[in-house]
Amino acid sequence: MFILERPYVSRHMLDYAVRHAVPVLRTSFTEALARTAPLRLLDDDAFAARLREGGRLYTSSENALDWVFTHCGDSDLARACRVMKDKAALRRLLRPMFPDFFFREIAAADLPGTDPSGLRFPCVLKPSVGFFSLGVRTVPSAGDWKAAVRDIQRDMASHAGLFPASVLEQQRFLAEELVGGEEFAVDLYFDAAGEPVILNIFQHRFASADDVSDRLYVTGKDVIEARMEEFMRFFRQANAVLGVRDFPAHVELRVDRGRVLPIEFNPLRCAGMCCTDLAHYAYGFDTYDCYLRGVRPDFGSILRGREGQTYSMIILDRRPGTPAHARLDFDRLAGRLQDVLEVRPMQELGLPLFGIVFARTDDAHARQLDAMLHSDLGEFLLPAGEGEA
């Protein structure tokens, strides 16, 4: 069962839904999608009844959570979504696993007047309920607190109304200690027995120590094999507390000196904006298909012959100061990459990004990804007036 919601659903996911006749919730958005894709639409009552009968639910966007909270009441499904989406609530629930980890929830109205001397620096300040790195800042020291708060207030004001409160909420923030080490994102589901089934592991690469952007995620044989067992142990421990069953999630983690620490759990979906489709290009399967059918990928066989290959999703975000009318020359950008698997322009969605590129590079072309990571994309902008509809 799919809830497909704004802001974006990939053609690949639509084709899958049509090909397999997946039940899809009827909304104004999916009715518009059905004009070009003959989706199997169900109204609220029929969809909710099918869910109560044990249907597995997958969402393309956290905008779908409003429907879950409205129609699923105090069910285990809705409770799991609430606690995962609320970073402060999740920190409190998982505190027994990380008793020394520092965090504090602060009301937005109290941020300017907060005495930073009681916090642990360096820290990360972010919305308790957030998405897409909006309103996230690294704060190196107490002396940087006020400037960080001002930046966040401007950031949040510029994106007010872009997402519902269930996705991006501006009233509560979380200040938590900055965790070092490498950052990863994991697409997985928990099966009927609560056992984790990992579907993909992405390494999140950053341009610098204070970079919090989502520009570059990579996966491949080396990433999967290096972290699979370690992350399986972590998810088994975490689900002993969470207790979820038949539940997909996209989880961001940090690994520092042998310690695996969760940044956030994103419920009922894999990588957002349909970025989970990278698994199709990298490994030949669809993550939502694995979840809906209870399939466990045989990575031992899948990874054979994929040595030296890196599969990436490059998120072409609009950096501060980029003109609102700016358009990107995707052909020129694609020419800088060894093997472009798909280009997804998103310039008309009202989001703070130009689009997403999926690519494959071998070891000999690794510097291409470094260049994309550090680029402000100015070199790929079209002259004013070009590329506009």
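See the structure printed just above.
In this report, the structure presented in the accompanying data block is examined. Just so we're clear, the structure is a prediction, and the values are computed from it rather than from any experiment.

**A closer look at the pattern of salt bridges**
Using the criterion set out here, one finds 31 salt bridges in the structure. Between E264 and K87 there is a salt bridge, with its nearest N and O atoms 3.3 Å apart. On the criterion of sequence distance, the pair formed by E264 in strand β13 (residues 259-267) and K87 in helix α6 (residues 87-93) is long-range, its members being 177 residues apart. Each member of the pair E264 and K87 is classed as buried. Among the salt bridges present, the one from D256 reaches R257, with a minimum N-O distance of 3.2 Å.

**Re the sheet that holds strand β15 (residues 339-345)**
Adjacent strands of a sheet pair through backbone hydrogen bonds, lying either parallel or antiparallel. Spatial strand order, β13-β12-β9-β10-β11-β14-β16-β15: 8 strands in an open sheet with antiparallel pairing. Bordering the open sheet on either side are β13 and β15, each of which pairs with just one other strand. Ignoring strand direction, the axes of neighbouring strands in this sheet form an average angle of 25°. In this structure, strand β14 (residues 309-317) lies alongside strand β16 (residues 353-362), joined through 9 bridges in antiparallel fashion. Each bridged residue has a counterpart across the sheet, and for M313 the counterpart in β16 is F358. Running over the sheet, helix α8 (residues 221-242) touches β9 (182-190), β10 (196-205), β11 (216-219), β12 (247-256), β13 and β14 and is turned about 120° from β10. Lying over the sheet, helix α13 (residues 366-374) contacts β10, β11, β14 and β16, oriented at roughly 15° with respect to β14.

**Considerations on unusual backbone geometry**
A cis amide bond, omega 10°, links R6 with the succeeding residue P7. Here P7 lies in the loop between β1 (2-3) and α1 (11-19). P122 follows F121 through a cis peptide bond whose omega is -5°. Counting through the fold element by element, P122 comes out in the loop between β5 (103-107) and β6 (123-127). Positive phi, close to 50°, is recorded for R257, a residue that is not glycine.

**A look at the packing of aromatic side chains**
Inspection of every chain in the model, using the stated rule, returns 17 aromatic pairs. Consider the rings of Y283 and F285, whose centres lie 6.3 Å apart with planes at 25°: the pair is stacked. As far as burial versus exposure is concerned, Y283 and F285 are alike and both buried. Ring pairs connect the aromatic residues F2, Y16, Y58 and Y288, which therefore count as one cluster.

About the criteria used
- Residues numbered from 1 in each chain as written.
- Predicted model: local features only at pLDDT ≥ 70, side-chain atom pairs only at ≥ 80, totals over all residues.
- Heavy atoms only, no water.
- Salt bridge = Lys/Arg side-chain N within 4 Å of Asp/Glu carboxyl O.
- Helix = DSSP H or I, 4+ residues; strand = E, 2+ residues; numbered from the N terminus.
- Buried < 20%, exposed > 50% of the residue type's maximum accessible area, 1.4 Å probe, protein only.
- Pairing = 2+ DSSP bridges.
- Axes fitted to C-alpha atoms, helices over the stretch in contact; angles between N-to-C directions.
- Contact = heavy atoms within 4.5 Å.
- Phe/Tyr/Trp six-rings, centres within 6.5 Å; stacked < 30°, edge-to-face > 60°.

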